Each structure stands twice: as C-alpha cells, then as structure tokens.
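# Structural features, examined
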Amino acid sequence: MGCVVILLGPPGAGKGTQASRLGKDLALAHISTGDLFRDNLARNTELGKRAKSFMDSGALVPDALVLDMLFDRVARPDCEKGYLLDGFPRTLPQAEAFEKALPRGTTVRALNLRVSDDVLLERLSGRRTCDACGNIQHMLFSRPKQAGVCDKCSGKLVQRADDSAEVVQKRLKVYREQTQPLEAFYAARKNLTHVDGSVGSDEVFAVLRKSVQGPVMEGCR
Ligand code: AP5
Ligand code: MG
Ligand code: ZN
C-alpha cells in the first residue's frame, strides 16, 4: 500500500511551489522530473546531455528517458510509503506505463491546477529560482527580500533557461497537445480534482491540502 499524489497543470501553474509545501505538510517525498533533469544538466551527466536539447527548445524529453529516471527515483526508500509527483506524467504513454508499474492497492490522487494563459505568462516571466536550494520566487508575487538573493538560503536567484518568451509559447503548446489529455485519463479513473490555481499561493495550498485529506491519504499511513 502507498499513496501517490500527482500535481497536473500547465507551465507556471504553481506545481513546484505547491508540491514543495504539500510534500512537507504530508511528509511525502517531492519528485519533480523537471528538477531531476535540471540537476543532471548541471552535473553534465549522460542523461543531462541527452535531455538538454529537448528542454532548451520547450519540447518533452522522450518517454523512455523519463520513465527510466522516474522508476529509479521512486524505488528509493524515501518513497516507500508514497510520494508527490510534480511534472510527471506528461504524456499518455507515461501515465499508462506508470499505472502498470504501481503496486496493487496504491491510492492515486491527481490534482489539476487551472490557470489562464495570461497569468501563466506573467508568472513565468517573473520567476526566479535559487541555484543552490531550488527555492522558487517571483519578482512581484514572491519578492526576494534582497534583489537576486534567495530568501531561504541566501543562494543566487537565476532565471530558468526555458522561461524565455519564445520557449514558453512552445511549452504551452506542448502542454495542450500532450499533457492536457491526462485530465480525461484521471477523470475516467475517478481520481481527478480540479483546483483553481490562479488565486494566491496560500489559498491554493489550503484547497489542495483539503482535497488530499481524509480517506485519500489512508494509504500513506
Ligand atoms: P518542468 O520543470 O516540469 O516545467 P513545467 O511543467 O513547464 O512547469 P514549471 O516548472 O515551469 O511551472 P510550475 O507549475 O512548477 O510553476 P512554479 O511553481 O515554478 O519541466 C521542464 C522541462 O523538463 C519540460 O519542458 C521538459 O522538457 C522536461 N520534462 C520534465 N518532466 C518531463 C516529463 N515527465 N516528460 C517529458 N519531459 C519532461 O510557479 C511559477 C511562478 O509563479 C513562480 O515564480 C512562483 O513564485 C509563481 N507562483 C506560483 N504560484 C503562484 C500563485 N498562486 N500566485 C502568484 N504567483 C505564483
Ligand atoms: Mg516546476
Ligand atoms: Zn536557496
């Protein structure tokens, strides 16, 4: 038994921001495939080299690479009771392969953050992330106390390479074509909840937290 919480939603919807908080709150490991790839890129690993051109252009990394990396990661002891997925699955073949691999009796809950395109663009253009601890901030909505410096660890805040206006448009298109169909996949299994992601971060968090409380989380205990 175990539980898996999946955060779905377009680029900039707040998956990373919320997953980081929710993971701590529920004591579940936060697994972001985007962060795992960026870590591989930074360390210049073979996997990082293979993923780079796809990420730079806003395309998805091929399913086989993603699935290998994901299955490796969730096999680690910190995922034994469950985990929270951010940015995975992203295609129907990923969702199907993942479902097949899950142990029987695992509770799955997909939470879909909905945000309009104009808000997404505003969030992505102002996003800054810490290159030391991964903390996510925003120039207007989560303003650093000191310009360019992470509030959490005093590391350097940087702009993500794929947050340029041109690449963002491609990422949104890829999301609509390849990832949005997952809403129907999880709705058909009756474990999808839509959440308004356009309101303030604390409000979104309160709603997410409520939707995973109770019987849904029984599998984690
Ligand atoms: P990934 O890193 O997953 O990027 P993404 O899905 O495009 O999503 P983002 O990280 O851009 O947005 P987010 O929803 O996490 O928003 P955040 O919390 O930062 O993937 C990157 C690339 O890796 C992909 O393009 C692909 O190439 C590859 N990849 C990864 N996974 C893959 C997979 N499974 N298959 C294939 N390829 C894969 O918030 C955004 C900003 O808004 C921040 O500045 C934040 O402070 C602010 N903010 C958040 N919430 C609020 C709020 N409520 N109000 C105001 N501001 C807010
Ligand atoms: Mg993210
Ligand atoms: Zn930091």
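Provided above is the structure to which this section pertains.
Residues numbered from 1 in each chain as written. Chains lettered and ligands numbered in written order. Predicted model: local features only at pLDDT ≥ 70, side-chain atom pairs only at ≥ 80, totals over all residues. Heavy atoms only, no water.

## So, the side chain of Thr193
Mapping Thr193 onto the fold places it in strand E8 (residues 192–196). A relative accessible area of 19% places Thr193 in the buried class. Dropping the residues within four chain positions of it, Thr193 is found in contact with Arg109, Ala110, Leu111, Asn112 and Ser211. (Helix = DSSP H or I, 4+ residues; strand = E, 2+ residues; numbered from the N terminus. Buried < 20%, exposed > 50% of the residue type's maximum accessible area, 1.4 Å probe, protein only. Contact = heavy atoms within 4.5 Å.)

## As for the pairing of strand E5 (residues 127–130)
Burial along E5 is two-sided: the residues Arg127 and Thr129 and Arg128 and Cys130 are all buried. In the sheet, E5 pairs with strand E6 (residues 136–138) via three bridges, with the strands oriented antiparallel. The residue of E6 that forms the bridge with Arg128 is Gln137. As consecutive antiparallel partners, E5 and E6 are separated by five residues, and within that stretch Gly134 has a phi angle of approximately 85°, a positive value. (Pairing = 2+ DSSP bridges.)

## Describing the site of ligand 1
Taken together, the neighbourhood of ligand 1 is formed by 34 residues, with Thr17, Thr33, Ala59, Arg127 and Arg171 sitting nearest. A distance of 3.3 Å is found between an oxygen atom of ligand 1 and a backbone nitrogen or oxygen belonging to Ala13. Take Arg90: an N or O atom from its side chain is 3.0 Å from an oxygen atom of ligand 1. Coverage of ligand 1 by the protein chains reaches 95% of its 1,000 Å² of free accessible surface. Secondary structure elements with two or more residues in the shell around ligand 1: helix H1 (15–26), helix H2 (33–42), helix H6 (117–126) and E6. A per-element tally of the shell around ligand 1 places H2 first, with four residues. The residue makeup of the shell around ligand 1, split by class, is 14 nonpolar, twelve polar and eight charged. (Near = heavy atom within 4 Å. Polar contact = N/O pair within 3.5 Å; in protein donor to acceptor, adjacent residues only side chain to side chain. Areas by Shrake-Rupley, 256 points an atom, 1.4 Å probe, with all protein chains shown as cover. Nonpolar A, V, L, I, M, F, W, Y, C, P; charged D, E, K, R; others polar.)

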